[in-house]
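Residue-level listing of the chains:
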Number of protein chains: 8
Amino acid sequence: ARNGVPEVIFGEGKRVEQISAIVARLRARHQRALVTRLDTERAEHVLRDHPDGQYDPVSRLLRWGEAPERLPGRVAVICAGTSDLPVAEEASQTLEWLGVEVARLNDVGVAGLDRLLAHREAITHADVLIVVAGMEGALPSVVTGLVRSPVLAVPTSVGYGASLQGVTALLGMLSACATGMSVVNIDNGFGAAWQAASILGLVARGVHPAPADFRSNTDIPDS
Amino acid sequence: ARNGVPEVIFGEGKRVEQISAIVARLRARHQRALVTRLDTERAEHVLRDHPDGQYDPVSRLLRWGEAPERLPGRVAVICAGTSDLPVAEEASQTLEWLGVEVARLNDVGVAGLDRLLAHREAITHADVLIVVAGMEGALPSVVTGLVRSPVLAVPTSVGYGASLQGVTALLGMLSACATGMSVVNIDNGFGAAWQAASILGLVARGVHPAPADFRSNTDIPDS
Amino acid sequence: ARNGVPEVIFGEGKRVEQISAIVARLRARHQRALVTRLDTERAEHVLRDHPDGQYDPVSRLLRWGEAPERLPGRVAVICAGTSDLPVAEEASQTLEWLGVEVARLNDVGVAGLDRLLAHREAITHADVLIVVAGMEGALPSVVTGLVRSPVLAVPTSVGYGASLQGVTALLGMLSACATGMSVVNIDNGFGAAWQAASILGLVARGVHPAPADFRSNTDIPDS
Amino acid sequence: ARNGVPEVIFGEGKRVEQISAIVARLRARHQRALVTRLDTERAEHVLRDHPDGQYDPVSRLLRWGEAPERLPGRVAVICAGTSDLPVAEEASQTLEWLGVEVARLNDVGVAGLDRLLAHREAITHADVLIVVAGMEGALPSVVTGLVRSPVLAVPTSVGYGASLQGVTALLGMLSACATGMSVVNIDNGFGAAWQAASILGLVARGVHPAPADFRSNTDIPDS
Amino acid sequence: ARNGVPEVIFGEGKRVEQISAIVARLRARHQRALVTRLDTERAEHVLRDHPDGQYDPVSRLLRWGEAPERLPGRVAVICAGTSDLPVAEEASQTLEWLGVEVARLNDVGVAGLDRLLAHREAITHADVLIVVAGMEGALPSVVTGLVRSPVLAVPTSVGYGASLQGVTALLGMLSACATGMSVVNIDNGFGAAWQAASILGLVARGVHPAPADFRSNTDIPDS
Amino acid sequence: ARNGVPEVIFGEGKRVEQISAIVARLRARHQRALVTRLDTERAEHVLRDHPDGQYDPVSRLLRWGEAPERLPGRVAVICAGTSDLPVAEEASQTLEWLGVEVARLNDVGVAGLDRLLAHREAITHADVLIVVAGMEGALPSVVTGLVRSPVLAVPTSVGYGASLQGVTALLGMLSACATGMSVVNIDNGFGAAWQAASILGLVARGVHPAPADFRSNTDIPDS
Amino acid sequence: ARNGVPEVIFGEGKRVEQISAIVARLRARHQRALVTRLDTERAEHVLRDHPDGQYDPVSRLLRWGEAPERLPGRVAVICAGTSDLPVAEEASQTLEWLGVEVARLNDVGVAGLDRLLAHREAITHADVLIVVAGMEGALPSVVTGLVRSPVLAVPTSVGYGASLQGVTALLGMLSACATGMSVVNIDNGFGAAWQAASILGLVARGVHPAPADFRSNTDIPDS
Amino acid sequence: ARNGVPEVIFGEGKRVEQISAIVARLRARHQRALVTRLDTERAEHVLRDHPDGQYDPVSRLLRWGEAPERLPGRVAVICAGTSDLPVAEEASQTLEWLGVEVARLNDVGVAGLDRLLAHREAITHADVLIVVAGMEGALPSVVTGLVRSPVLAVPTSVGYGASLQGVTALLGMLSACATGMSVVNIDNGFGAAWQAASILGLVARGVHPAPADFRSNTDIPDS
Ligand SMILES: Nc1ncnc2c1ncn2[C@@H]1O[C@H](COP(=O)(O)O)[C@@H](O)[C@H]1O
Ligand SMILES: Nc1ncnc2c1ncn2[C@@H]1O[C@H](COP(=O)(O)O)[C@@H](O)[C@H]1O
Ligand SMILES: Nc1ncnc2c1ncn2[C@@H]1O[C@H](COP(=O)(O)O)[C@@H](O)[C@H]1O
Ligand SMILES: Nc1ncnc2c1ncn2[C@@H]1O[C@H](COP(=O)(O)O)[C@@H](O)[C@H]1O
Ligand SMILES: [Mg+2]
Ligand SMILES: [Mg+2]
Ligand SMILES: [Mg+2]
Ligand SMILES: [Mg+2]
Ligand SMILES: [Mg+2]
Ligand SMILES: [Mg+2]
Ligand SMILES: [Mg+2]
Ligand SMILES: [Mg+2]
């Protein structure tokens, strides 16, 4: 719970009672809670204890409450293909829960470049971009080349054979020579959303004033 | 030596005398020869025995003679970055030795999309396209989306870290959802050129007339 | 929808309603549609909305309509073992839907060479060859050595242990020194078919006349 | 050259004359230039043509000129061990060339936690953090847990055996459950610096005002 | 059955009757038995033959009897996240069955360092430490840096994407430069417990007196 | 020194004096010795101490003496390409040193099938076959399909890119469905030769008479 | 059907009707048939058409008929752990179907060396040895060191975590420095049995007389 | 410098002046120092500044001073082959510097089991065992099966092909089912020595008395 946002519950591999108990405690303290990677069946069980939550089966997010205040700016969540939508929605809805405005651009893969370029203006006006792509994962480097805002690339496990469950997209994004882009784990829409919010949080609060007495530590440490 | 083209000598790991002897025999029979992956030092040795050859240190090709007749059409050899040039030139000069016209487009990576789109007309007018790219290897799928001619993708070992000596580009190209594209080995400009020539060879001689008596074999074989 | 052929729908991971909606729109515009990688159950659902389609459970293809005109030539689809048939049929039936004549040769693996050589004439008379093989994937290089037409190699995920779900066959095909062969993704019969049709499409329309003013771009670009 | 910063020259695998020519053109247009991954010997050759540059053998950067204006805020560049210094310095000096103030914290690996915690205040006051670590690459998740500013993690190829030339550190950073962190390629101090500058650039210019007419594109596209 | 402890039965992939028969023989000889990696359903079947056993569904251990005497000292079993609990409990309950006192510290991952440091005293007073962590597996090196007792690191298969089913955590732990730590297989809580007990067994019985006549064998052997 | 053959010295990574000392002892006892993987320079040093040996720079074998008696039968050593010769010669010359007759068939790769079939009779008359191939490693399965004698497959590290230093050939050979074939390590011509000799040794001495009292052990062991 | 033994049917991924049809044809010609890797349910279906077969659920083999004559000698099938039994039985029962006598030694892993050494005499009297082991796969090299007969090593997919589904055991067996051992695919008890039978077949028929006119082919081929 | 032992300097990738400076500081404080992985040339440079040190080119250790007091017990350092000696010596000499008595057993690989068993008594009387092996790395599990003292397994990068620079040995050791064994990084003799000393240190000081007020933390933490 650094900076007032409650920890988010990773739903995979947790039992329903564990989740319900953590949600109870988080809501008591923060008035809101978010569970990720929760399948429909377990979500329904948790909702019996906490019936005022909202569950979305595409993103597999279960959430209660709202961000007390909104962050400035807008994040474009761009996704290459229909099959990448669950990851893109995990990003988009996490952002909304964090109080960030989202612009969604779906199904704009690199093999149909004109479809992407049709949205060029929307893309260049986003403050942060989250680009979600599976298979060869080429979309983020193309988008990064079109904008000066920071791009967060999310590889997905969509694909077969040489896609290696997302490892190919992941390695491709890391290898890209486009500048102004960094990468999160395969299918980690949540992580990209949080990093985007942390960037907009910096915009909101502004940079620290330089401390009077800071000295870089470049000595070899004692041991 | 199927179809009148002499076998090409893979120069890596062969001794100078071995290469000279094979070249002698090939030239006696075919009036031309090609050695690939030959470094400057060994090329100079081979040239002492066969002084009328041409060696190019970028492509590392050593060649004698010309294709007796030219193939129809033109192959665009497109390369993503300056560091991919040796592989692109291996493709281009192999094509020229095989009697194929080449159009070179260098340094048109996906992170600078406008640079690529500036050549859109040239690209869409090529009959076969060879697209050479290292790092994340995204260029071939972007190009394939722009054309209806067959695209041959060549991953290169250019890059570092997550590029894994070309494996990332290779897997990315194979995972691409763009249709009308197939892939050769890492750094194999030679193989892409040969496949392009084999396609144009088919154009040159036309398809076979359908045989009167062909029957698909779909029985389970005897054993 | 480059060149009049509608986009093909990748069925894996799409919901039935999504597929039905896309099929409706494609058929309205193109009078035909093709869905790949669709299991029987979902196919039956889609067929309720579009009952005049044909579904084949081996290739897992669901299709409506026919190519308005046929392409010249004939593609041999050769497969190494019975277990590779689903991938071979994905290739063959995609070709038929694209208006291409297919010659099927099944179960002609390299360990029974005489079985393969019995078809030598049929093989050498094909205009394009698609060679499908799992396990060690040796068939394409053997076939490529017998023909001068372009060969498209399709590794399959058939095998166990060291086969690594098709990765071994894929890497083997890419490593082959046989010339005149290129490779598509594991189990991607569809992609090989499309590339074969794109080659025959080039034969059908002939090469472009050389443009008067083309100049290779070999300058270092401005930045 | 998006947004007034000249493209940076990737020095690896380029010939001295190529580099000199590009530097000349960039300086003519932008009054400054930066070459990365340049060894001492080639740097000296380039400096003969452009003698007013500065070369640093640790970071292997060669640079001319200065950013015309400084960006707000300060980036902490934290590095786990002495052997990671070249990558950390590539990040720090790229930042300085981009007009960003840098705070260096060296040799604060997780196995000596007190050494890290001694700098806790400096760490929590940075606006963006670049954390550089090889071997198991644990430092970034520890640091991310201490701050709310965005963290950029840079795995290095330092280590042996199970470190797999940086792949272990890379995968570890991507797998970390710490939130507010994204990752760049192995040894890519340059890329982290650029992303940090792109975040501070957003702080400097502020977010875009929301456009009057934006609509998310969530339709299935025509094909 | 070295040193009086009966062999432990690896339950995975064994049939119920096989397990029952081995348990019968072990109990006849040793008065106790332990089965690992047994799911609830098979455990119930085995309990029909041997109803006085205890089954725990979290650790998946089924056990009968007790260690005839307790070992000295105490092992801290520390686990990074709730999802790692099954592996941590496999370690803890194996230790208890072996007659070792256990101190459990759950959910003290490195991203919330203060949570870990709150237990610093408990950690530094353990005689052996077993540290269980999935994802990037950073916890063991942090803990090892805080103590002088031997640390046994257990990677778990918890995580997704780049976690590669525990391989990333495993490689990370092996690459760590923290000294005084060794590693067991992914999810092998049992193996870590046994090694901890073998260390405390050495403490219990003391070192061997030095033999009068020992000579190191450093000759090259005869062959 | 089981069965009268002296142990063979693995030359890689041993110092010259170590090798000389072991050779001295082996020759004193067995009148012969064999060192593998020895480069020319170190071979010359060892020959100063033991001048009556024979060194071959292609196979990198250094040997003294002869097998006291010859084994029955003949081993065909077949190799796919010129670059595989060093490994094939390691096999052939080890066999000769072990007293086995060798038939060499060089450069008969699968892409030129007629070249292989020209030797069909020689191949089917070998008693054991060693088949050496790099790149995709397809030759052993083709050969195995032609013979009923046991085949030993030796992958080599010849190739580039997707060949992965011999791993692709190794995995391909293991995945092959041809029956009557087993595999040794990459580049391990020596190991294949030894296994071939061990098979011919069995032929020479004949099978054991069945023991009167043998009982298969299928009980579950005591523990 | 080289040498009178009918081809064996690989049951995995084949439909019941396909298998029944092939069995019918094989039995008509050879009076016997063998199907491998067949689960109980499909076996029962096939047995409806061919009720006089024998199915064993452990080895998953379904077989009809007997070898018309027995091969000389005896194969020891040694297996490291109870979980490796299915693979060991696939080997043993394939051998029996091929007319070879089998000696089974179960559960003699290297961690309990005395258990293995108790069988030392039986082991040294086998004519061929098949050694089956999962996890780290150390048993074959230990056994190979005890005997002079040829050893065939079979890695199994038994294990978890670092065992990588048998890849670790496979690579370990290939890396072993014990001489007189070769390796087959993971879980391929069938392949090891066939290779053992092919060795004993050579013993049965004796070596070929040397041909009068054989010449090794060591020329560089024409091309 | 926990517990009075100075940090050891990892020599790889450090410059001579850096090392000399750290050594100076460490010796001032602790009267002794140890540098690992130092080649002869750099060692000689460091010795100019600190001439009273001892350098051993096999282990590549450079050391000054002695442990002020000796630890109880004796560590057996067992190594499988001559090529593993550098790693074994890194372990042995680190132990000696740490004040631990060492018993060396060299060249006792599993393929010559009798050679190992000849030392059975020495092995079973060691208090801690460090077992060093490359290639398939089978020695540690065999040794672990013979003793009840804790075993530390050190894989080495010795081998070729399928050995994968030590990864095969590493994974094999982790997969071993022998109990009472844990593993360190490839070639990390230093790390195994330190862990052995940390075990003997525990023996020397005895276990902690149980604290009066310890409570296991099994609550779900606040967030
Ligand atoms: N889908 C997700 N992917 C990665 N990290 C997550 C995800 N959901 C939650 N987390 C993080 O996981 C941690 C909570 O894990 P846990 O204690 O297991 O619920 C917090 O740091 C979360 O921010
Ligand atoms: N650079 C190359 N990459 C892949 N194959 C090649 C290359 N150069 C030549 N080849 C092929 O290698 C074969 C000749 O190999 P070799 O007999 O070793 O010279 C022929 O099939 C050539 O077409
Ligand atoms: N379990 C098995 N593992 C490997 N190869 C097998 C197996 N069973 C049968 N085969 C081989 O597979 C081939 C038959 O494959 P198929 O035509 O698919 O039935 C023959 O060469 C068999 O000897
Ligand atoms: N050969 C080695 N392998 C692994 N860790 C080592 C080695 N030598 C020293 N270390 C550890 O590396 C750390 C020192 O690293 P450094 O600060 O780079 O000298 C200390 O924790 C040492 O105990
Ligand atoms: Mg950008
Ligand atoms: Mg196209
Ligand atoms: Mg061809
Ligand atoms: Mg943070
Ligand atoms: Mg410690
Ligand atoms: Mg055979
Ligand atoms: Mg032997
Ligand atoms: Mg033990």
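None of these values were measured; they are calculated from a predicted model.

Student: It is not clear to me how helix α1 (residues 16–30) of chain G should be interpreted in this structure. Could you clarify?
Tutor: Side chains of residues three or four places apart in an α-helix project in the same direction, reflecting 3.6 residues per turn. Residue and element names in this part refer to chain G. The end-to-end C-alpha distance of α1, which contains 15 residues, comes to 21 Å, matching closely the 21 Å that a straight helix rising 1.5 Å per residue would cover. Buried within α1 we find Val 16, Gln 18, Ile 19, Ser 20, Ile 22, Val 23, Leu 26 and His 30. Tucked into the core, α1 has its buried residues touching β1 (9–10), β2 (33–36), α2 (40–49) and β4 (61–64). Directly beyond the C-terminal end of α1, a positive phi value near 65 degrees is found at Gln 31.

Student: What exactly am I supposed to notice about the sheet that holds strand β2 (residues 33–36) of chain A here?
Tutor: What links the strands of a sheet is backbone hydrogen bonding, and the strands pair in either a parallel or an antiparallel sense. Residues and elements named next belong to chain A. In space, the four strands of this open sheet follow the order β1-β2-β4-β3, with mixed pairing throughout. Either end of the sheet is taken by a strand with one partner, and the two such strands are β1 (9–10) and β3 (54–56). Across two bridges, the pairing between β1 and β2 is parallel. Its bridge partner being in β2, Ile 9 is matched across the sheet by Val 35. With respect to the sheet, helix α2 (residues 40–49) is in contact with β3 and β4 (61–64), its orientation differing from that of β4 by roughly 20 degrees.

Student: How do you make sense of the pairing of β4 of chain G when you look at a structure like this?
Tutor: Remember that side chains alternate between the two faces of the sheet whenever the strand is regular. Residue and element names in this part refer to chain G. Neither face of β4 is left uncovered, since the one carrying Leu 61 and Arg 63 and the one carrying Leu 62 and Trp 64 both have all their residues buried. Bridge count between β2 and β4: three bridges; the pairing is antiparallel. Note on β4: the bridge partner recorded for Ala 33 is Trp 64. Where strand β3 (residues 54–56) lies against β4, three bridges are found, and the strand directions are antiparallel. Looking at β4, one finds that Gln 54 is bridged to Arg 63.

Student: Before we go on, may I ask you to explain the sheet that holds strand β4 (residues 61–64) of chain H in this structure?
Tutor: All names here are of chain H. The strand order β1-β2-β4-β3 describes an open sheet built from four strands, whose pairing is mixed. Of all strands in the sheet, those bounded by a partner on one side alone are β1 (9–10) and β3 (54–56). Each of β1, β2 (33–36) and β4 touches helix α1 (residues 16–30); the most contacted strand, β2, lies at about 150 degrees to it.

Student: Looking at this model, I keep getting lost on the site of ligand 4. Mind explaining?
Tutor: Every residue near ligand 4 is listed here: Tyr 160 of chain D, Cys 177 and Thr 179 of chain E together with Glu 7, Val 8, Ile 9, Phe 10, Lys 14, Thr 36, Arg 37, Asn 188 and Phe 190 of chain H. In this structure ligand 4 sits where residues from chains D, E and H come together. Between an oxygen atom of ligand 4 and a main-chain N or O atom of Phe 10 of chain H, the distance comes to 3.0 Å. For ligand 4, an oxygen atom lies 2.7 Å from a polar atom in the side chain of Lys 14 of chain H. Expressed as a share of its isolated accessible area of 510 Å², the protein-covered part of ligand 4 is 87%. Residue composition of the shell around ligand 4, grouped by class: six nonpolar, three polar and three charged.

Student: I'm lost on the site of ligand 2 in this one. Help?
Tutor: Every residue near ligand 2 is listed here: Glu 7, Val 8, Ile 9, Phe 10, Lys 14, Thr 36, Arg 37, Asn 188 and Phe 190 of chain B, Cys 177 and Thr 179 of chain C together with Tyr 160 of chain F. Nearby residues around ligand 2 are contributed by chains B, C and F. A distance of 3.4 Å is found between a nitrogen atom of ligand 2 and a side-chain nitrogen or oxygen belonging to Asn 188 of chain B. One of the backbone nitrogen or oxygen atoms of Cys 177 of chain C is found 3.2 Å away from an oxygen atom of ligand 2.

Student: Even after reading the chapter, I still don't get the arrangement of the chains, so can you show me in this structure?
Tutor: The two units chain B and chain E are non-contacting; their minimal C-alpha-C-alpha distance is 13 Å. No part of chain B reaches chain H; the closest C-alpha pair between them is 15 Å apart.

Student: Any chance you could explain the interface of chain B and chain C here in plain terms?
Tutor: Interfaces are frequently sized by the accessible area removed from exposure as the parts join. Chain B puts 59 residues into the contact, and the matching count from chain C is 59 residues. If you look at where chain B meets chain C, you find zero salt bridges. Taken together, the connections running from chain B to chain C amount to 14 residue pairs in polar contact (both at pLDDT 80 or more). For the side of chain B that touches chain C, the secondary structure elements donating two or more residues are β6 (101–106), α5 (120–124), β8 (151–155), α7 (167–175), β9 (181–183) and α8 (189–205) of chain B. The dominant element in the side of chain B that touches chain C, judged by the number of residues it contributes, is α8 of chain B, at nine residues. Looking at the side of chain B that touches chain C, its residues break down into 29 nonpolar, 21 polar and nine charged.

Student: Honestly, the relation of the copies chain B and chain C in this entry has me stumped. Any pointers?
Tutor: A rotation about some axis, followed by a shift along it, carries one copy of the chain onto the other. Rotating chain B by 180 degrees and translating it 0.0 Å along the rotation axis places it on chain C, where the RMSD comes to 0.0 Å. When the rotation and shift are considered jointly, the pair of chain copies conforms to a two-fold rotation axis. Counting the interface residues of chain B, we find that 98% of their copies in chain C are interface residues as well, pointing to one common contact surface.

Student: Help me understand the relation of the copies chain B and chain D in this model?
Tutor: Take chain B, turn it by 90 degrees, move it 0.0 Å along the axis, and it overlays chain D with an RMSD of 0.0 Å. The transformation relating the two chain copies, once decomposed into turn and shift, fits a four-fold axis. Considering only C-alpha atoms, the residue of chain B closest to the rotation axis is Leu 164 of chain B, which sits at 7.7 Å.

Student: What is the right way to read the environment of Gln 165 of chain E from this model?
Tutor: Residues and elements named next belong to chain E. If you trace the backbone, Gln 165 turns up in the loop between β8 (151–155) and α7 (167–175). Between the alpha carbons of Gln 165 and Ile 186 there is a distance of 8.5 Å; along the sequence they are 21 residues apart. Excluding residues within four positions of it along the chain, Gln 165 makes contact with Ser 157 and Ile 186.

Student: Hey, could you run me through the side chain of Ser 175 of chain H in this one?
Tutor: For Ser 175 of chain H, the location among the structural elements is in helix α7 (residues 167–175). Judged by relative accessible area, which is 4%, Ser 175 of chain H ranks as buried. Only 2.8 Å separates the side chain of Ser 175 of chain H from the backbone oxygen of Leu 171 of chain H, close enough to count as a polar contact. Apart from residues no more than four positions distant in its own chain, Ser 175 of chain H is found in contact with Asn 185 of chain E together with Met 135, Glu 136, Ala 162, Ser 163 and Thr 168 of chain G.

The rules behind each value
- Residues numbered from 1 in each chain as written.
- Chains lettered and ligands numbered in written order.
- Predicted model: local features only at pLDDT ≥ 70, side-chain atom pairs only at ≥ 80, totals over all residues.
- Heavy atoms only, no water.
- Helix = DSSP H or I, 4+ residues; strand = E, 2+ residues; numbered from the N terminus.
- Expected span 1.5 Å × (residues − 1).
- Buried < 20%, exposed > 50% of the residue type's maximum accessible area, 1.4 Å probe, protein only.
- Contact = heavy atoms within 4.5 Å.
- Pairing = 2+ DSSP bridges.
- Axes fitted to C-alpha atoms, helices over the stretch in contact; angles between N-to-C directions.
- Near = heavy atom within 4 Å.
- Polar contact = N/O pair within 3.5 Å; in protein donor to acceptor, adjacent residues only side chain to side chain.
- Areas by Shrake-Rupley, 256 points an atom, 1.4 Å probe, with all protein chains shown as cover.
- Nonpolar A, V, L, I, M, F, W, Y, C, P; charged D, E, K, R; others polar.
- Salt bridge = Lys/Arg side-chain N within 4 Å of Asp/Glu carboxyl O.
- Least-squares fit on C-alpha atoms with pLDDT ≥ 70 in both.

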